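Now for the letters of each chain:
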Amino acid sequence: MSENKITKDMLIGEILRLNGGLAPILMEMGMHCLGCPASQMESLEDACMVHGVSADEMVNRLNAGLEEQL
């Protein structure tokens, strides 16, 4: 099991630096502007709220993606 876990309070940019392979999951769930400056300062929870996505579901999918890549 990975010692790195995605949490709702992590910044989008931080998540992508942790593992850029998670970008497709973010994009699948409606977050298409991963390179925009706001993504570097926006928490996952805030981004989910703006995009109408469940933050809990997003965290679960991202952590599952981390596990799959091990």
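The rules behind each value
Residues numbered from 1 in each chain as written. Predicted model: local features only at pLDDT ≥ 70, side-chain atom pairs only at ≥ 80, totals over all residues. Heavy atoms only, no water. Helix = DSSP H or I, 4+ residues; strand = E, 2+ residues; numbered from the N terminus. Buried < 20%, exposed > 50% of the residue type's maximum accessible area, 1.4 Å probe, protein only. Expected span 1.5 Å × (residues − 1). Arc of directions from axis to C-beta. Contact = heavy atoms within 4.5 Å. Axes fitted to C-alpha atoms, helices over the stretch in contact; angles between N-to-C directions. Parallel < 35°, antiparallel > 145°, perpendicular 65-115°, else oblique. Left-handed = near helix turned anticlockwise from the far one by under 90°. Nonpolar A, V, L, I, M, F, W, Y, C, P; charged D, E, K, R; others polar.

1. Quick word on the environment of Leu26
Consideration 1: Among the structural elements, Leu26 can be located in helix H2 (residues 23-28).
Consideration 2: According to the relative accessible area criterion, Leu26 is buried, its value standing at 0%.
Consideration 3: Taking the C-alpha atoms as reference points, Leu26 and Asp9, separated by 17 residues in sequence, lie 15 Å from one another.

2. A short note on helix H4 (residues 55-68)
Consideration 1: For H4, with 14 residues, the first-to-last C-alpha span of 20 Å sits near the 20 Å given by 1.5 Å per residue.
Consideration 2: Inspection of H4 places Ala55, Met58, Val59, Leu62, Asn63, Gly65 and Leu66 among the buried residues, and these make up the whole buried set. Taken around the axis of H4, the buried residues stretch over an arc of 155 degrees, which confines them to a single face. Exposed and facing more than 90 degrees away from the buried side of H4 are Asn60 and Glu68.
Consideration 3: Looking at the buried positions of H4, the neighbouring elements they touch are helix H1 (12-18), H2 and helix H3 (44-51).

3. Structural notes on the packing of H3 against H4
Consideration 1: As a packed pair, H3 and H4 sit with axes 9 Å apart at the nearest point and diverge in direction by 120 degrees. It follows from the interaxial angle that H3 and H4 lie oblique. Regarding H3 and H4, the two cross each other, and that crossing is right-handed. Along the contact surface, H3 presents Leu44, Glu45 and Cys48, while H4 presents Ala55, Met58, Val59 and Leu62.
Consideration 2: For the contact of H3 with H4, the residue count by class is 6 nonpolar, no polar and 1 charged.

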